[in-house]
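Fold and geometry: a report
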Amino acid sequence: MPHRQLIGPGGTSDLGGWLQWLARLLLKPRSRGFRVVFAAAAVLIASGLRHVLDGSLPPGFPFLTFFPAVLLTTVFAGTAAGTVAAVLCGLAAWFWFIPPAGAFSVAPGALVAMAFYAAITTTEIVFISATNLTLRALVRAEGRAREQARQRELMFSELQHRVSNNLSTVAALLRMQAGRTRDPEAKAALQDAQQRIATVARLQRLLHAPDSQTVDAVDFLRSLSRETVEAAGAGQPVDVRLEADPVTLSEAAAVPFGLIASELLMNAIEHGAVSGAAPQIDIRLRVSQEAQPLASLDIGDNGPGLPQGFSVETSRSLGLSIARQFAEQLGGTLALTNRAGGGTLSRLTFPMGTPV
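Residues numbered from 1 in each chain as written. Predicted model: local features only at pLDDT ≥ 70, side-chain atom pairs only at ≥ 80, totals over all residues. Heavy atoms only, no water.

Observations regarding the overall build of the chain
Threshold: Each helix is a run of DSSP H or I of at least 4 residues and each strand a run of E of at least 2, with the numbering of both proceeding from the N terminus. Three exposure classes are used, based on accessible area relative to the maximum for each residue type with a 1.4 Å probe and protein chains only: buried under 20%, partly exposed in between, and exposed over 50%. Whether two residues are in contact is decided by their heavy atoms, any of which lying within 4.5 Å being enough.
Looking only at helices and strands, one finds nine helices and seven strands in the chain. Residue burial in the chain is summarised as follows: out of 356 residues, 37% are buried. Looking at the chain alone, contacts between residues at least 24 apart form 67% of all its contacts between residues at least 6 apart.

Quick word on the packing of helix α2 (residues 32–53) against helix α4 (residues 79–96)
Rules: Every axis corresponds to a line fitted to the C-alpha atoms, with the helix fit spanning only the stretch in contact, and the corresponding angles, defined between N-to-C directions, vary from 0 to 180 degrees. Angle categories are assigned with fixed cut-offs, so that under 35 degrees is roughly parallel, over 145 is roughly antiparallel, 65 to 115 is roughly perpendicular, and the rest are oblique. Handedness of a crossing follows from how the near helix is turned relative to the far one, being left-handed for an anticlockwise turn of less than a right angle and right-handed for a clockwise one. Each residue gets one label: Ala, Val, Leu, Ile, Met, Phe, Trp, Tyr, Cys and Pro are nonpolar, Asp, Glu, Lys and Arg are charged, and the others, such as Gly, are polar.
Orientation of α2 relative to α4, taken along the N-to-C sense of each, is 25°, at an axis distance of 9 Å. By the angle between their directions, the pair α2 and α4 is classed as roughly parallel. Along this stretch, α2 crosses α4, giving a crossing that reads as right-handed. Here α2 contributes Arg35, Ala39, Val43, Ser47 and His51 to the contact with α4, which in turn contributes Ala81, Ala85, Leu88, Cys89, Ala92 and Trp96. Taken together, the residues of the contact of α2 with α4 break down into eight nonpolar, two polar and one charged.

Section: the sheet that holds strand β6 (residues 333–338)
The following threshold applies: The pairing criterion is simple: DSSP has to find at least two bridges between the two strands.
With respect to topology, five strands assemble into an open sheet ordered β2-β4-β5-β7-β6, the strand pairing being mixed. Across the chains shown, the open sheet's two edge strands, defined by having one partner strand only, are β2 (239–244) and β6. Ignoring which end each strand starts from, the neighbouring axes of this sheet average 15° apart. Strand direction decides the pairing type here: strand β4 (residues 280–287) and strand β5 (residues 294–300), joined by six bridges, are antiparallel. Its bridge partner lying in β5, isoleucine 283 is registered against isoleucine 299. Along the sheet face, helix α8 (residues 251–271) touches β4, β5, β6 and β7 (344–351) and points at about 20° away from the line of β5.

A few points about the pairing of β4
As paired strands, β2 and β4 are joined by six bridges and run parallel to one another. Opposite leucine 242, over in β4, you have isoleucine 283 as the bridge partner.

Remarks on unusual backbone geometry
Note the cis peptide between proline 99 and proline 100, where omega equals -5°. Positionally, proline 100 belongs in the loop between α4 and α5 (108–180).

With respect to the environment of tyrosine 117
Within the element layout of this structure, tyrosine 117 appears in helix α5. Placed 23 residues apart in sequence, tyrosine 117 and tryptophan 94 show a C-alpha to C-alpha distance of 9.9 Å.

Structural notes on the pattern of salt bridges
Close approach of charged atoms allows side chains with opposite charge to pair. Note the cut-off: What makes a salt bridge here is a side-chain nitrogen of Lys or Arg within 4 Å of a carboxyl oxygen of Asp or Glu, nothing more.
Within this structure, the stated rule accounts for 11 salt bridges. Salt-bridge contacts for arginine 146 lead to glutamate 142; the nearest nitrogen and oxygen are separated by 3.9 Å. Highlighted residues: arginine 146 and glutamate 142, both in helix α5, separated by four residues, approximately one helical turn. A residue is classified by how much of its surface remains accessible, and arginine 146, at 40% relative accessible area, is partly exposed. On the basis of relative accessibility, which here comes to 12%, the residue glutamate 142 falls in the buried class. Residue aspartate 298 pairs with arginine 347 through a salt bridge whose shortest N-O separation is 2.7 Å. In this pair, aspartate 298 is assigned in strand β5 and arginine 347 in strand β7, connecting sequence segments 49 residues apart. In this structure aspartate 298 comes out as buried when scored by relative accessible area, which is 12%. Salt bridges linked by common partners bring Glu243, Asp245, Arg284 and Arg286 together as one network.

With respect to the packing of aromatic side chains
The cut-off we apply is this: In summary, the pairing rule links any two rings of Phe, Tyr or Trp, Trp by its six-membered ring, whose centres are within 6.5 Å, and it sorts them by plane angle into stacked for under 30 degrees, edge-to-face for over 60 and tilted for everything else. For a Lys NZ or an Arg CZ to count as sitting over a ring, it must be within 6 Å of the ring centre and within 35 degrees of the ring normal.
Summed over all chains, the structure comprises 12 aromatic pairs. Relative to phenylalanine 257, the ring of phenylalanine 220 has its centre 6.4 Å away and its plane inclined at 35°; by these criteria the two rings are tilted. On the criterion of sequence distance, the pair formed by phenylalanine 220 in helix α7 (residues 217–232) and phenylalanine 257 in helix α8 is long-range, its members being 37 residues apart. Note on phenylalanine 220: relative accessible area 5%, which makes it buried. Note on phenylalanine 257: relative accessible area 0%, which makes it buried. Ring centres of phenylalanine 257 and phenylalanine 350 lie 5.9 Å apart, and the angle between their planes is 65°; this geometry places the pair in the edge-to-face category. Here phenylalanine 257, found in helix α8, pairs with phenylalanine 350, found in strand β7; they are 93 residues apart in sequence, far enough to count as distant. The class for phenylalanine 350 is buried, based on a relative accessible area of 3%. Through pairs of rings, three or more aromatic residues link up here, namely Phe63, Phe67, Phe116 and Tyr117. The ring of phenylalanine 97 carries arginine 50 above its face, with NZ or CZ at 4.6 Å from the centroid.

Quick notes on the confidence of the model for the chain
The condition is simple: pLDDT expresses, on a scale from 0 to 100, how confident the predictor is about each individual residue.
The pLDDT averaged across the chain works out to 81; a share of 83% of its residues lies at or above 70. Across the chain, the secondary-structure element scoring lowest on mean pLDDT is helix α1 (residues 17–27), at 67, and the one scoring highest is α4, at 94.

Focus on helix α3 (residues 66–77)
As a reminder, the rule being used: Helix span, as expected, comes to 1.5 Å for every residue beyond the first.
Its 12 residues give α3 an end-to-end C-alpha distance of 16 Å, which sits within 8% of 16 Å, the value for a rise of 1.5 Å per residue. Buried residues of α3: Phe66, Phe67, Ala69, Val70, Thr73, Thr74, Val75 and Ala77, and no others. Taken from the residues just after α3, glycine 78 is the one with a positive phi, measuring 105°.

So, in structure tokens, the structure goes:
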């Protein structure tokens, strides 16, 4: 199996630690010439080294340099080369280093030593070969999983794309119908429906990661505010300022959070500027440092503020009613007040980590 299938971009691998190291040693393809030369060199070096050490070693170590030779040959040159090296090393040790030297002794002690050698080298070769087969199976499974993940991502992306396109088509049909409608109330209702369906379509595009179970609220708000401003078509520049603490939302919580934020942003753009002034929207997302952290989303504008006696609970605005219901779904509250310096402040407060 080609080595490049094991190691990913930047030299990293999905196989970690020692598995990666073993994969590099065992699964890298090598030519037959390399295997023959490596096995022959291992046998010769092990034999020469054992001859050099012969006068320094006490009796009873005939295989000292041959075990590593068999192990390294099996690792670097494969099972067949390791087996050949084991046989040649065993013969060399039997002939030169098991008394009497220079003969293949069949004495009981010599046969026991050779049986011991055969058991150890067989265990080495079997272990490395089994590890090799296991790693190959892991690599194949990893490749299949990676391909399945890629296919799933493609299918998910296509599904998201189709859902978003279908919602955008419905929104366009409602917009066309609203343009042909003469009744003001029906026209306004169709425009509101078109706007909300377009909002859901935008959320579908933003919540687009098939493998992600969480959403970065800061990036989410940044993208949502940009698309909401573009969709609002205010006819003049809208100054949006965003300040936010690092907040992570579950994907389930991100949908109601996004719908509420989009509704409040649309209200701020539509009603939040005094005559002749460009809309200025301030968005702040904060998380309290408490035992049960609370997240608060503030959206303020520079408009004329709320009429006297306004209450979000009794408001007949469909958009605010929907936003309030989604706030309850998050386990939080929605409040609208007048800002001290002028304009309206909308605040969504909800506990972090609340299941939706």
